[in-house]
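Descriptive structure summary
Chain residues, written in single-letter form:
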Amino acid sequence: MTPPPPPITQFVLKVHSRCDLACDHCYVYEHADTGWRSRPRVVGDAVLTRAAERIGEHAAGRGLTGVRVVLHGGEPLLAGPEVFRRAAGLLRAALPEVCELDLRVHTNGVRLDAAYCEVFDELGIRVGVSLDGDRAANDRHRRFADGRSSHPRVLRAVGLLREPRFRHLYAGLLCTVDVANDPAAVYRALAELEPPAVDFLLPHATWERPPDRPPGAGAGAGATPYADWLLTVHERWEADGRPFAVRTFDSVHRTLSGLPGLSEALGLEPVDLVVLETDGTYEQADSLRTAYDGAPGTGMDVFRHAVDEVAGHPGMAARQSGLAGLSAQCRACPVVRSCGGGLYAHRYREGSFEHPSVYCADLRALIDGLAARAGSARRPAAAPADLAGPGLTDEQLDELALGLGGPETVRALARSQLALTRTMLAAVHGSSGLARSASWDLLADLDSSEPAAVDAVFSHPYVRAWAARRLSGDPAAGLGPLAELAAAAAVRAGRGDTVAVPIRDGALHLPTLGRLVLGSGAREVRVTGGRSGWTARTDDGAVAGPGDPRWQPVRRIGNGTGIGIGIALEDVDPQRAVHRWPVADRLSATEHLHWTGDFRTATELLDTTLPEYATGLRAGLTTVTPLRQRADGHDVSSAARQAFGAVAIARPRRAQTLALLLVHEFQHVKLGAVLDREELYDRRDTRMFEALGLSPRPIGSLFQAVYAHLAVTAFWGTRAHDTESARSRFAHWRTLTDEAVDLLADSGALTALGKRFADGARASLDPWLRTTVR
């Protein structure tokens, strides 16, 4: 049987097909393709609805845990706020519960105002902005049709994103390289805007329409002007301590270390991106518009074709064929695994893409230059076998198969997860391209002398979440958190070590401890951890510490306050936004008290009625992350696969509901940890299963749903004698869970261990099926 094509995880959804600028380097309007002329200006509701459904179907069918959707144009802000509201709502409704939505918009910035930022804040949409540098650089291409400069309006827009109330929306900047611009001036202009990430884009060109080169560029010095330009930027970036992520540089460092690249432009990874136009047609990457008229077309649309059909299109297959799809010259090149042949569109010549990139010489010079600068930092990432960590005994696996897991079993899961986090962090450092890292060296030293301090920091759920994002190629996942981890460990160790930590989003972040809000002026803080406390000295000489009114500590709920006591109520860590629903901002003191009281009541209820679940929850739950309340008042909760020990919940009106949500989500936490080391089902199985009143979902999601609803059934079973409502819910969930267990057991997709878990689920449920309720 022919294997299915690789899944699509990134979608560019066009919401407007026209633009309010007249950039002369635009590949949509100024290059070979003219398809934009015949498309609707604004995407219609029918297209949005069907597009969301297609994306949701694909995510469910392929068992995706996350997709990225970029709302694009033209200029997307021309579409108006209601289009964004509609798109966000439809997409979130269509995706399976286990699939996280990374929703973004990319804009030229001229229409971005506070009202739009408020809409994007409400909808959880991050914002990327195109900007080519200082005014002289930007005005070279990015002007209005009448010749006016767009630069002041773009700076105003970026200024809004830098404000504390909107900083979390700031996804980064995109800069198109022009070798006529001063690279140092461009870098300085962009760095002053404190972006979380910058993407330097080579101007789209082909052998038939080559890129501009300075007069006299040829063999010898000056033969690779684009590499020279980027290497100058890299030099300034390194000198500044890598203050933000740069996808081009990070991609090269990663590929030199054996990891996948971060974009189609570098590395040999399969392409996983599809464009959806305003008329509902599917297209390949927009960059192909530079090759010839109609180059990105697929002949497919959302009304007649599923995403899997697009993924199997010959054009997509050609861009997914890796090394085999490159020219003989590329395959023989020593840097091919980093270069990957360059961007597919840039290879076009005389009706074929089977050529080296028109930027071939520049790419070779760039990669060789970065490799030379990285020096000894290049080393392979950890092998998969290194990820396993401590094992589980047969008795512990049988205990977990029942849906349970006592304190020692859950602690064994936690040890396994800590080992996995450590391995991932080593891979992050190994792929960073850094010849030396003071932060990593300090962590290694502390791990020898003060291992408990390092373990306490590395065990924080969102440390692994950041490492996973970094290793998956998220361009916004910069290396700054490595210094934050070192500083937090230094504070906990109290040896007097000092760590230089970059400021992110206007604050110093110390994972597990809190954040110090400094505003946009400071760039770096030197944190010193001593036995009597810690101090933070900013680059302007100001000193702060835990008594500073700007310090926002991680507060606790449960059995006390202070470091290491109770459950963290995490409302400050910037890495916590990995859950399906938007996270809440810093809670008021009153809301913290409400959480403390409700959590105490909820856990006491579980201790009394479900002790077999409560003991494991108390051993493994370290963090509760507050979510934003939904406008419709519905309860929401979430667990993230990459955040062991954390559950995210919008505080419900009743403590009883909080108890149910806690035990429900912690089931996902436990099973996710098991799945990180054990195979319970055939991951190649693409069938969809309907159970528990949920939308059709793949076998992995069915397994998670069954496991969670064992606890749901037990929760209502213990309360079935209390009220008619509880009796009704118990009857409802035990019937649906019974059917779901049978469906899982009879699926034919389970491994031997998966069958043990299905048998355990049946053994756990059967006593509730025999329970008589009157």
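Everything here concerns the structure above.
Heads up: these notes are all about the structure in this document. (Residues numbered from 1 in each chain as written. Predicted model: local features only at pLDDT ≥ 70, side-chain atom pairs only at ≥ 80, totals over all residues. Heavy atoms only, no water.)

**Description of the pairing of strand 12 (residues 507–510)**
The two faces of strand 12 match: A507 and H509 on one face and L508 and L510 on the other face are all buried. Examined bridge by bridge, strand 12 and strand 13 (residues 514–517) share four bridges and lie antiparallel to one another. If you follow L508 over to strand 13, its bridge partner there is L516. Here strand 12 hands over to strand 13 after three residues, with T512 in that stretch at a positive phi of 80°. (Buried < 20%, exposed > 50% of the residue type's maximum accessible area, 1.4 Å probe, protein only. Helix = DSSP H or I, 4+ residues; strand = E, 2+ residues; numbered from the N terminus. Pairing = 2+ DSSP bridges.)

**Some points on the pattern of salt bridges**
All told, the structure shown has 56 salt bridges when counted by the stated rule. Between E53 and R50 there is a salt bridge, and its shortest N-O distance comes to 2.7 Å. In this pair, E53 and R50 both sit in helix 1 (residues 45–61), three residues apart, roughly one turn of the helix. A relative accessible area of 35% means that E53 is categorised as partly exposed. Between E122 and R85 there is a salt bridge whose closest N-O contact spans 2.7 Å. Pair noted here: E122 is in helix 3 (residues 114–123) and R85 is in helix 2 (residues 81–94), with a separation of 37 residues, a long-range link. (Salt bridge = Lys/Arg side-chain N within 4 Å of Asp/Glu carboxyl O.)

**Here we look at helix 16 (residues 438–449)**
Under the 1.5 Å per step criterion, the end-to-end length of helix 16 is 17 Å for twelve residues, consistent within 8% with the ideal 16 Å. Taken as a whole, helix 16 has its buried residues at S439, W440, L442, L443 and L446. Viewed along the axis of helix 16, the buried residues span an arc of 160°, placing them on a single side of the element. Exposed and facing more than 90 degrees away from the buried side of helix 16 are A438 and S448. (Expected span 1.5 Å × (residues − 1). Arc of directions from axis to C-beta.)

**Remarks on the sheet that holds strand 13**
Strand order in the open sheet made by the three strands is 12-13-17, with antiparallel pairing throughout. Of all strands in the sheet, those with a lone pairing partner are strand 12 and strand 17 (551–553), marking the two edges. Across the sheet, the mean angle from the axis of one strand to that of its neighbour is 15°, orientation sign disregarded. Relative to strand 17, strand 13 runs antiparallel, the two being bridged by three bridges. In the strand pairing of strand 17, L516 is matched with W551. (Axes fitted to C-alpha atoms, helices over the stretch in contact; angles between N-to-C directions.)

**Details of the sheet that holds strand 16 (residues 543–544)**
Remark on secondary structure: sheet strands pair via backbone hydrogen bonds, oriented parallel or antiparallel. The strand order across the open sheet formed by four strands is 11-14-15-16, and the pairing between neighbours is antiparallel. Strands at the two margins of the open sheet, each flanked by one partner only, are strand 11 (498–502) and strand 16. Sheet topology note: the strand 14 (residues 524–530)/strand 15 (residues 533–538) ladder contains six bridges and is antiparallel. By the bridge assignment for strand 15, R526 is matched with R537. Helix 19 (residues 480–493) contacts strand 11, strand 14 and strand 15 of the sheet and is inclined by roughly 145° relative to strand 11. (Contact = heavy atoms within 4.5 Å.)

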